[in-house]
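# Coordinates in review
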Amino acid sequence: MEVKTSLLDNMIGVGDMVLLEPLSEDSFLENLKKRFDHSEIYTYIGSVVISMNPYRSLPIYTPDKVEEYRNRNFYELSPHIYALADEAYRSLRDQDKDQCILITGESGAGKTEASKLVMSYVAAVCGKGQEVNKVKEQLLQSNPVLEAFGNAKTVRNDNSSRFGKYMDIEFDFKGDPLGGVISNYLLEKSRVVKQPRGERNFHVFYQLLSGASDDTLKKLRLHRDVSKYNYLSLDSAVVSGLDDAANFRTVRNAMQIVGFMEDEVQSVLQLVAAVLKLGNIEFKPESRCNGTDESRIKDKNDLKEMCELLGIEQSVLERAFSYRTVEAKLEKVSTTLNVAQAYYARDALAKNLYSRLFTWLVTRINESIKAQTKTRHKVMGVLDIYGFEIFEDNSFEQFIINYCNEKLQQIFIELTLREEQEEYVREGIEWTNIEYFNNAVICDLIENNKNGILAMLDEECLRPGTVTDETFLDKLNTVCAEHQHFESRLSKNSKFLTDHSLPHNCFRIQHYAGKVLYRVEGFMDKNNDLLYRDLSQAMYKANHSLIKQLFPEGNPAKVNLKRPPTAGFQFRASVSTLMKNLQTKNPNYIRCIKPNDKKAPHIFTESLIRHQVRYLGLMENVRVRRAGYAFRQTYEPCLERYKMLCKRTWPHWRGRAREGVEVLMADLQVPAEEFSYGRSKIFIRNPRTLFFLEERRRQCLQDLATLIQKIYRGWKCRSHFLLLKKSQIVVAAWYRRYAQQKKYQRIKSATTVVQSYARGWQARKLLRELKYQKRCEEAATTIAAYWHGTQARMELRRLKQEARSKHAVTVIWAYWQGTKARRELRQLKEEARNKHAVSVIWAGWQGTKARRELRRLKEEARRKHAVAVIWAYWQGLKVRREYRKFFRAHAGKKIYDFTIQRIMQKYFLGLRNNLPSMSPIDKNWPARTYLFLDGAHAELRRIFHLWRCKKYRSQFTEERKAVYEEKLEASEIFKDKKALYPSSVSQPFKGDYLEISKNPKYQKLNNAVDEKVLLADVVNKINRANGKGTARIFLPTKKSVVLADQKTGQVKASVPLPDLTSVSVSTQSDGFFALKLKEGSASAVKGDFLLSSEHLIEIITKLHRIGATATDREQLSIDISDEFLVQFKQDKVCVKFVQGAPKNGNSVSCKRKNNRLLEVSVPATA
């Protein structure tokens, strides 16, 4: 069963100020202090949340707390900012109502932290998923970037927002975030050039100097020492609790997550460094011959470094600091600037440069986090804006900040009353008019188009002649003197003439939060916010892409002589747009209060908080809320909470909830004028009635608790007794069982002993009988054995006698047969000897004849041989005699030459018989036979291969030769660089894959192309919006590249080859390539082309050959990298190739990750 809780349970003080009784400013503060002392920093005023800054970490923002407040009623748990965030999110998700959360309060009250908590809660409770988590991460990571560039340390707050921020978070129909849009208001750019004592410049300057690497600082021409820069205050350079180096790393990481490219980050850092360099530029006076004063730069080193960072000519910027050009319709007038004017121009440039950089950052973040789908979105707006400011010295900034707060207070009262009235009408309760202070008269005093203070300030700025802050004050005294909320020293209202608290150069406005004294000094300059046109034009000439975007008015081709709108006019327009936006949404309010000026925990400064309660209009909020009915609740929770107060409704009411509440209120005898019944809620007019019900409920709960305790104790004692009784029965049963088991064991043991003795006696008796029987059987066996042995021996002797008789006969017969055989043998041998003697005699005779013939032949041969030997010796003697003088000196060399010649002849004949085939790719070659022929062997192999290749080339036609030249050039470009190249080697280059000259479908396209078409193929043109491809016909010629529609043949684009600067491809096995065009050319209006083809190697090879053969242009550059930039109109998009698992077969997929990244997923090759 789910436990029901309420705001009223375990309440410290009063959780909702609407229920405070009695209501006064003192009781209001006392209730805040009581809750603050018990670490209860959140309090309600109806649906408004009051947030006290605790200046310490509290364990109330854990994931468990998020789950606790998730999908719970607003008043179901104790006050918390999560309750308001959950109520707003559920209304947006379930009721399709656009929401806005307005966070106000003075600096240091915790507005920025409150907005972070709201966004983190919404991110925690909305849907999950890869895309959703990426959007949430980008939305959350936009905060560190904006805080670094828009926050600073002040005397009131170490991380004070010096700009107003409104973020619209867009959701889909499921409640998942799709993106967001950020609007910024009134950056305090004067802080760039000057900070009050004890305060710092914007965080990013200190973070850059502390956290950047030495290499980065060297590139930016910066030093780590803060004291070297005039724009950075020294007394608060280091803030305890702030790690600037770690924060710089956080900001860099956040910019990467949001989607900033690395070159964009470097450009931003260069501009930040340029602002620091600007502050170090100092001027000295010089007098001209005509007596006028002019200024000159003292040390030009900082100016030089700044110009190098931004790519500006030093002389151009130096002249812009020394002269001012005023342009009329038909003439230009150039005047010199004195030192004061030069310093003003320098500071104006620094302020404008930083302010425009901040605006560009907001725009760039919006590009990354904006929702991509164009369907209708649900929107939750979060407004984090400065609270009402009353300082000792209030100027133009405080005036427009307080004007914004007046508008917010006006819309708060209007929306609160409207919401109250709509609820009364919806519930059928009679609406009563509520008396309240309407601050529309104050807003009209400031923003009226004719007589408003802002209108008169703009009129004075535009008026010709001498215009000063004093003339503006005089005009205010003339026009607004009769206004009841305007006071000045020279007012026509005489009661202020003796008011010496009003200085002569000041005026006072009675705001809803109190009277504020404004000093008019600086109103005109701050409202004008002028930047000399010379400086704008000098900045536009910079060779820096970001600078050109920040100063578009410096373009000489677009000179606008119209005066730019004033700061007051721009802010009033922004506030008007904001008010219209807020009025279309359901409002939710968070009022932040700063408990003390020491930024320390556990300190409650009553005077400071009383001041904030007044100017935040919290008492007014409570009175408006309590003007009708102080408390309202739906019937079901009301009956569930108070049903124990009536016997008829306790413990269960079976009818409708409203009928049960009516019975309950009638039984309690609550006066009828104290409450009313709506359609779904009961409305209680006075908090005393609610407290009466709570007191009765508390007493009843005590009685119920006593009754429950009594019943529980009785049940517990009875349960204990029954348990003891049951235990006794179990113990007795177990004991009886144990005793019987022991008795049985004893009887069983005795029986076993008796049985063992009886079985032993029987066994021994049987053993004796068996032994006797065995001895008798052994005796009979022995006797039978002796008898059988005697009989066997007698039979053996008889058999032996018979065998001896038979053997004697056999021996005699054998001897007789041997005698007969020997006689026969001797007879045969005699006959054989006679025959052999004849043969031997004949053989001896034949041998004698042969030996005689042999001796004769040998004698004859010896004679012939002797003659030959004697002749040879004679010939040798003749030769030796003739060549004796040469033979001894050159015999060795001749023999060596003869031997080498013979070896070489044998080698060449063998080589001729074993030559390999005529194919150039045949690598076979006969083995070397002699070591000294190694060099000749290799050289002959090389010569043979060259000759074989020449013979092979001589068979080529011109067309085939061109194909092989293209293949060779493709090898030089892509071999070992592109994974797709090996698979293309075996594929011939056809060129005209579409047969464009023969196909009648493309006849019109063929006629439209003047030059010879070198290649015709179908490629896919990649769309940057979704990564999908559109089929196009790709036709390169010697002068241009033509892209045409595949279906109609209509020419879509024609790019002259001189406009084509380079081609980029990846190292993977994909077919993507980018044609990069020359910046500023007519072909580059729509940006570069990102294409995909199955014949990428052939296409790029032909384009490269065209560039190599042309003499009137540079050779085409081929860039092979897995990450390159492509220019799409005005944006640069990074194309990144990654390896991944194939999703659709083995195809390559292209997907847009954000506005600046296209990711191509290439299947991994085995």
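These numbers were taken from a predicted model, which means no experiment stands behind them.

Under the UniProt annotation, the feature "binding site: ATP" (unreviewed entry) is placed at Gly105, Glu106, Ser107, Gly108, Ala109, Gly110, Lys111 and Thr112. When you line up the elements, Glu106 lands in the loop between strand E3 (99-104) and helix H4 (111-125). Apart from residues no more than four positions distant in its own chain, Glu106 is found in contact with Lys111, Arg156, Gly387, Phe388, Cys592, Lys594, Leu608, Gln612 and Tyr615. Residue placement: Ala109 occurs in the loop between E3 and H4. For Ala109, a relative accessible area of 1% translates into the label buried.

For the rest of this paragraph, the subject is the environment of Arg698. Turning to its location among the elements, Arg698 is positioned in helix H25 (residues 687-913). Overall, Arg698 belongs to the partly exposed group, its relative accessible area being 40%. Separated by 327 residues in the primary sequence, Arg698 and Ala1025 place their C-alpha atoms 64 Å from one another.

The subject of this paragraph is a positive patch on the surface. On the surface, Lys950, Lys951, Arg953 and Lys961 cluster together into a positively charged patch. When residues of the positive patch are assigned to their parent elements, the largest contribution, three residues, is made by helix H26 (residues 934-953). Secondary-structure assignment places Arg953 in helix H26.

On to the side chain of Ser142, then. Structurally, Ser142 can be placed in helix H5 (residues 130-150). The contact partners of Ser142, leaving out residues within four places of it in the chain, are Met167, Ile182, Val258 and Ile365.

On to the side chain of Lys153, then. Tracing the backbone through its elements, the reader meets Lys153 in the loop between strand E4 (151-152) and strand E5 (160-161). At 4.6 Å, Asp158 is the nearest oppositely charged side chain to Lys153, a buried residue that forms no salt bridge. One polar contact links the side chain of Lys153 to the main-chain carbonyl oxygen of Gly198, over a distance of 2.8 Å. For Lys153, the residues in contact, after removing those within four places along its chain, are Asp158, Arg191, Gly198, Glu199, Arg200, Asn201, His203, Ser236, Val239 and Lys599.

Turning our attention to the packing of aromatic side chains. For the structure shown, the criterion picks out 26 aromatic pairs. Taken together, a centroid distance of 6.5 Å and an interplanar angle of 40° make the contact between Tyr635 and Tyr677 tilted. Placement of Tyr635 in helix H23 (residues 635-642) and of Tyr677 in strand E18 (residues 675-677) is noted, with a sequence separation of 42 residues between them. Tyr677 gets classed as partly exposed once you look at its relative accessible area, which sits at 24%. Taken together, a centroid distance of 5.9 Å and an interplanar angle of 40° make the contact between Phe944 and Trp947 tilted. Remark: Trp947 and Phe944 occur in helix H26; sequence separation between them is three residues, near one turn of the helix. Here the aromatic cluster, defined as three or more aromatic residues joined through ring pairs, consists of Phe396, Phe399, Phe472, Phe486, Phe507, Tyr518 and Phe523. In this structure, Arg200 is placed above the aromatic ring of Tyr206, and the distance from its NZ or CZ to the ring centre is 4.0 Å. Directly above the aromatic system of Tyr323 lies the positively charged group of Arg319, at a separation of 4.4 Å from the ring centroid.

Following the sequence through the fold, Arg224 ends up in the loop between helix H7 (214-219) and helix H8 (244-258). When its relative accessible area of 35% is taken as the criterion, Arg224 is described as partly exposed. In this structure, the C-alpha to C-alpha distance between Arg224 and Ser213, residues 11 residues apart in sequence, is 9.9 Å. Arg224 has contacts with Leu209, Ser210, Gly211, Ala212, Ser213, Asp214 and Leu217, leaving out every residue within four places of it along the chain. Among the polar contacts made by the side chain of Arg224, one reaches the main-chain carbonyl oxygen of Leu209 at a distance of 2.8 Å. Polar contacts involving the side chain of Arg224 include one to the side chain of Asp214, which spans 2.9 Å.

Further remarks concern the packing of H5 against helix H12 (residues 339-369). Between H5 and H12, the shortest axis-to-axis distance is 11 Å and the interhelical angle comes to 175°. Put simply, H5 runs roughly antiparallel to H12. Two secondary-structure elements touch here, H5 through Gln138, Leu139, Ser142, Val145, Leu146, Ala148, Phe149 and Gly150 and H12 through Tyr354, Leu357, Phe358, Leu361, Val362, Ile365, Ser368 and Ile369. Its residues assigned to classes, the contact of H5 with H12 shows 12 nonpolar, four polar and no charged.

Procedures and definitions
- Residues numbered from 1 in each chain as written.
- Predicted model: local features only at pLDDT ≥ 70, side-chain atom pairs only at ≥ 80, totals over all residues.
- Heavy atoms only, no water.
- UniProt positions renumbered as here; feature names shortened; annotations may be inferred.
- Helix = DSSP H or I, 4+ residues; strand = E, 2+ residues; numbered from the N terminus.
- Contact = heavy atoms within 4.5 Å.
- Buried < 20%, exposed > 50% of the residue type's maximum accessible area, 1.4 Å probe, protein only.
- Patch = residues over 30% accessible without salt bridge, like charges linked within 9 Å, V, L, I, M, F, W, Y side chains within 5 Å.
- Areas by Shrake-Rupley, 256 points an atom, 1.4 Å probe, with all protein chains shown as cover.
- Salt bridge = Lys/Arg side-chain N within 4 Å of Asp/Glu carboxyl O.
- Lys, Arg positive; Asp, Glu negative; His and termini not counted.
- Charge placed at Lys NZ, Arg CZ, Asp CG, Glu CD.
- Polar contact = N/O pair within 3.5 Å; in protein donor to acceptor, adjacent residues only side chain to side chain.
- Phe/Tyr/Trp six-rings, centres within 6.5 Å; stacked < 30°, edge-to-face > 60°.
- Lys NZ or Arg CZ within 6 Å of the ring centre and 35° of its normal.
- Axes fitted to C-alpha atoms, helices over the stretch in contact; angles between N-to-C directions.
- Parallel < 35°, antiparallel > 145°, perpendicular 65-115°, else oblique.
- Nonpolar A, V, L, I, M, F, W, Y, C, P; charged D, E, K, R; others polar.

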